Amino acid sequence: MRILVTGATGTVGGAAMELLRPEAEAGRIELLGAARSEDGASKLRGKGLTPVALDYDSPATLRPALRGVDSVFLITGYSVDMLVHSKRLLDAAKAEGVRHIVHLGALAADDTPFAHFAWHQMVERTIEAMGFSWTHLRPNFFIDTVWNGFRQRPDRIVHFVGDRRVSFVCAKDMAAVGAEALKRPDAHAGRTYPLAVEALTFAEVAAVLSDVTGRPVEYRPRPAADLFPIMQKQGAEPVYAASLAEGVAVTERGEMPLSGAVFDTVEKVTGRKGIGWRDFAEARKGELPA
Ligand SMILES: NC(=O)c1ccc[n+]([C@@H]2O[C@H](COP(=O)([O-])OP(=O)(O)OC[C@H]3O[C@@H](n4cnc5c(N)ncnc54)[C@H](OP(=O)(O)O)[C@@H]3O)[C@@H](O)[C@H]2O)c1
């Protein structure tokens, strides 16, 4: 079986590559990681992984990368281009006879009106309408994203949802569920998997981090309205950033269904408990500056 992981140089795709590596080394699967640059390809090679050139913005790269592939992990970035990127990937996958698509989406109610959640659901409907076998992953807040900010300033957590309790999942758990679906499509075909293992307020997250690191960690709530200008300053793609800021504002007002929901998907699919904030921080605290 040949598996292609897109976004293999990113957070979730990178975790999926690491998890699938032993299967590839044992010769049970053939594993390819998509890279859009030589830099990305050499990073994968440096980890003993096999890159394949794939750039959603260069459609000619897509069919060669998908040739002979059975299962694809479809991961797109934080941009409205996710729509056209997904369409191009799926058209090429269909043309190359790919059977199973595992799509990384986002957790929301089925009738969500909020932009990037709705876009992900439109990609899901496209996958189904095109006749692929499919597994849809719908994660809520990524622990890794918050952790990456914390790593820069390990005395504080800044967020924009006030005192709301929201639910979290980490890349390793998303990758573990994704890897199962990629390897055993028949067991996971036609399933939509919500992914969120623990719900906490950001003050509670800060308390866990303080406990694990043995240092004071403060939660600094900021108004939801501050998020968009901050993301703009950081160079984020503006259409997706506006959608993210809207989602955060709605969550802060307590009007986002499922924003604090927790599910046992990770345990059901992988047979082990999902990783919460405490276990994540214990495993990663060595990354923090002394
Ligand atoms: N963060 C959250 O809390 C959260 C919650 C729910 C859902 N999500 C969803 O998670 C997804 C993002 O996952 P992530 O955090 O793993 O993303 P990420 O770390 O930003 O990685 C994105 C990956 O996509 C690749 N990529 C970007 N543009 C590309 C192009 N034109 N051609 C080929 N590859 C390209 C990147 O390659 P390079 O390394 O070359 O840039 C990278 O490997 C989004 O769909 C988002 O909606 C996020």
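Placed above this text is the structure.
Chemist: Quick question: what am I supposed to make of the overall build of the protein chain here?
Modeler: Helix and strand counts for the protein chain stand at 13 helices and 12 strands. Dimensions of the protein chain, computed from the C-alpha atoms along their principal axes, are close to 50 × 40 × 35 Å. Burial analysis of the protein chain (290 residues in total) assigns 52% to the buried set. Once local pairs closer than 6 in sequence are excluded, the contacts in the protein chain between residues at least 24 apart make up 77%. Of the roughly 12,900 Å² that the protein chain leaves accessible, carbon and sulfur atoms contribute 51%.

Chemist: I'm lost on the sheet that holds strand β7 (residues 141–142) in this one. Help?
Modeler: Strand pairing in a sheet is mediated by backbone hydrogen bonds. Such pairs are either parallel or antiparallel. Judged by pairing direction, the sheet is mixed, and its three strands sit side by side in the order β7-β9-β11 without closing on themselves. With partners counted over all chains shown, the strands left at the sheet margins are β7 and β11 (198–200), one partner each. Strand direction decides the pairing type here: β7 and strand β9 (residues 166–169), joined by two bridges, are parallel. Across the sheet, residue Phe141 finds its bridge partner in β9, namely Phe168.

Chemist: Whenever I open this one, the site of the ligand confuses me. Can you help?
Modeler: The environment of the ligand is formed by 24 residues, the closest being Thr9, Arg36, Tyr56, Tyr78 and Tyr240. Within the backbone of Gly10, a nitrogen or oxygen atom sits 3.1 Å from an oxygen atom of the ligand. A total of 940 Å² of accessible area belongs to the ligand in isolation, and the protein chains cover 82% of it. Within the residue set of the shell around the ligand, elements represented by two or more residues are α1 (11–25) and β7. Here the shell around the ligand is built from residues that sort into 11 nonpolar, 10 polar and three charged.

Cut-offs applied
Residues numbered from 1 in each chain as written. Predicted model: local features only at pLDDT ≥ 70, side-chain atom pairs only at ≥ 80, totals over all residues. Heavy atoms only, no water. Helix = DSSP H or I, 4+ residues; strand = E, 2+ residues; numbered from the N terminus. Buried < 20%, exposed > 50% of the residue type's maximum accessible area, 1.4 Å probe, protein only. Contact = heavy atoms within 4.5 Å. Areas by Shrake-Rupley, 256 points an atom, 1.4 Å probe, with all protein chains shown as cover. Pairing = 2+ DSSP bridges. Near = heavy atom within 4 Å. Polar contact = N/O pair within 3.5 Å; in protein donor to acceptor, adjacent residues only side chain to side chain. Nonpolar A, V, L, I, M, F, W, Y, C, P; charged D, E, K, R; others polar.

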